[in-house]
Amino acid sequence: DAGVIQSPRHEVTEMGQEVTLRCKPISGHDYLFWYRQTMMRGLELLIYFNNNVPIDDSGMPEDRFSAKMPNASFSTLKIQPSEPRDSAVYFCASSFGAAGGNTIYFGEGSWLTVV
Amino acid sequence: AQRVTQPEKLLSVFKGAPVELKCNYSYSGSPELFWYVQYSRQRLQLLLRHISRESIKGFTADLNKGETSFHLKKPFAQEEDSAMYYCALSGPGGGNKLTFGTGTQLKVEL
């Protein structure tokens, strides 16, 4: 398996534009997580899904952020409109079974810069 | 609420010196603790978990419930250990999510 696949790897966009980040989890995994990594706050969980259903979105910073998982092999994280403070690395991760008892596998991240 | 604290943003040691990356946690029950590592521009990967009581790449970590700590240790640092290390916590029985600390950048100098 190629692991968790994220796209784009790098994105530079102007403030106010819509940004869509994509993720393909490992086949067979039933949990999918979106994390944001910044120097100041480290890794923050934004939202996670179980069997394509959003379970906890309490980490989503505000209404500008939305995430969907239309099927077991695809998820998107959308920011609209984007702001400079959204600049960060966004990681998608997946696991088979609940996170604590099972290994979470991370993608390589999407490096977002909003200017 | 569950919280993980890594007090050091950067730890610099010489090759061959002992390493200790500190991690303290706050959780009302019996958590499961993990260490994840991120080498330069690579994806995060699991290094070790406390329930396995294993040593990976020479690293060990012992859960101290009295001190609510899960420090990562290695007796002799190697250059290839330079990376970002994250301590993480989940609820008992696995829970559904991991809470990460802010990470410690380990730099091993020659």
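Residues numbered from 1 in each chain as written. Chains lettered and ligands numbered in written order. Predicted model: local features only at pLDDT ≥ 70, side-chain atom pairs only at ≥ 80, totals over all residues. Heavy atoms only, no water.

Evaluation of the coordinates by the stated rule reveals twelve aromatic pairs over all chains. Judged by centre distance (6.1 Å) and plane angle (90°), the rings of Tyr86(B) and Phe100(B) are edge-to-face. Of this pair, Tyr86(B) sits in strand 9 (residues 83–90) while Phe100(B) sits in strand 10 (residues 99–100); the two residues are 14 residues apart in sequence, bridging distant segments of the chain. Judged by its relative accessible area of 7%, Phe100(B) is buried. Residue placement shows Arg41(B) over the ring face of Trp111(A); its charged tip is 4.7 Å from the ring centre. (Phe/Tyr/Trp six-rings, centres within 6.5 Å; stacked < 30°, edge-to-face > 60°. Helix = DSSP H or I, 4+ residues; strand = E, 2+ residues; numbered from the N terminus. Buried < 20%, exposed > 50% of the residue type's maximum accessible area, 1.4 Å probe, protein only. Lys NZ or Arg CZ within 6 Å of the ring centre and 35° of its normal.)

Contact residues are listed per partner, giving 29 residues for chain A and 20 residues for chain B. Here chain A and chain B share an interface that buries about 1,900 Å² over both sides, 49% of which is from carbon and sulfur atoms. One can count one salt bridge joining chain A with chain B. For Glu108(A), the salt bridge identified is with Arg43(B), shortest N-O distance 3.7 Å. Counting across the interface, chain A meets chain B through eight residue pairs in polar contact (both at pLDDT 80 or more). Among the secondary structure elements, those contributing two or more residues to the side of chain A that touches chain B are strand 4 (31–38) and strand 5 (42–50) of chain A. Residues belonging to the side of chain A that touches chain B are distributed by class as follows: 16 nonpolar, ten polar and three charged. (Contact = heavy atoms within 4.5 Å. Buried area = accessible area lost by both parts, 1.4 Å probe. Salt bridge = Lys/Arg side-chain N within 4 Å of Asp/Glu carboxyl O. Polar contact = N/O pair within 3.5 Å; in protein donor to acceptor, adjacent residues only side chain to side chain. Nonpolar A, V, L, I, M, F, W, Y, C, P; charged D, E, K, R; others polar.)

Turning to the sheet that holds strand 1 (residues 5–7) of chain A, a few remarks are in order. All names here are of chain A. Judged by pairing direction, the sheet is antiparallel, and its four strands sit side by side in the order 1-3-8-7 without closing on themselves. The sheet is open, and its two borders are formed by strand 1 and strand 7 (65–71), each paired with just one other strand. In this sheet, neighbouring strand axes are inclined to one another by 15° on average, regardless of whether the strands run parallel or antiparallel. In this sheet, strand 8 (residues 74–79) lies alongside strand 3 (residues 19–24) in antiparallel orientation, the contact comprising five bridges. Across the sheet, the residue bridging to Thr20 is Lys78, located in strand 8. (Pairing = 2+ DSSP bridges. Axes fitted to C-alpha atoms, helices over the stretch in contact; angles between N-to-C directions.)

Turning our eyes to something else, we now look at the nonpolar core. Soluble globular proteins tend to bury their nonpolar side chains together. With 24 residues, the main nonpolar core has Trp35(B), Leu47(B), Leu48(B), Phe70(B), Leu72(B) and Tyr85(B) as its most contacted residues. Looking at this core, the elements with two or more residues in it are strand 2 (10–14), strand 3 (19–21), strand 5 (32–38), strand 6 (45–49), strand 9 and strand 11 (104–109) of chain B. With four residues, strand 9 of chain B is the single largest residue contributor to this core. With near-sequence residues (within four places) excluded, Leu47(B) lies in contact with Trp35(B), Tyr36(B), Val37(B), Ile56(B), Phe59(B), Leu72(B) and Tyr85(B). Met69(A), Leu77(A), Ala88(A) and Val114(A) belong to the second-largest nonpolar core, a separate cluster that totals 21 residues. (Core = buried A, V, L, I, M, F, W, Y, C linked by side-chain atoms within 4.5 Å.)

Residues and elements named next belong to chain A. Applying the stated criterion to the full structure yields 13 salt bridges over all chains. The shortest N-O distance in the salt bridge between Arg41 and Glu44 comes to 2.6 Å. Judged by its relative accessible area of 53%, Arg41 falls in the exposed class. Judged by relative accessible area, Glu44 falls into the buried class, the value being 17%. Between Arg64 and Asp86 there is a salt bridge; the shortest N-O distance is 2.7 Å. One end of the pair, Arg64, is in the loop between strand 6 (53–56) and strand 7; the other, Asp86, is in the loop between strand 8 and strand 9 (88–95), with 22 residues separating them in the sequence. Through salt bridges with shared partners, a single network forms among Glu62, Arg64, Glu83, Arg85 and Asp86.

Applying the stated criterion to the full structure yields two disulfides over all chains. Two residues, Cys23(A) and Cys92(A), share a disulfide whose sulfurs are 1.9 Å apart. Residues Cys23(A) and Cys92(A) are joined by a disulfide whose S-S torsion is about -70°; by sign, that bridge is left-handed. Taken as a pair, Cys23(A) in strand 3 and Cys92(A) in strand 9 lie far apart in primary sequence, 69 residues in all. Among the residues examined, Cys23(A) registers a relative accessible area of 1% and is labelled buried. Residue pairing for Cys23(B): its cysteine sulfur links by disulfide to Cys87(B), the two sulfurs lying 2.0 Å apart. Between Cys23(B) and Cys87(B), the S-S dihedral sits near -65°, and the bridge is therefore left-handed. Here Cys87(B) lies in strand 9 and Cys23(B) lies in the loop between strand 3 and strand 4 (24–26), a separation of 64 residues in the sequence. Take Cys23(B) and Cys87(B): they sit in the same class, and that class is buried. (Disulfide = S-S within 2.5 Å.)

Taken by themselves, the reported measurements are silent on function.
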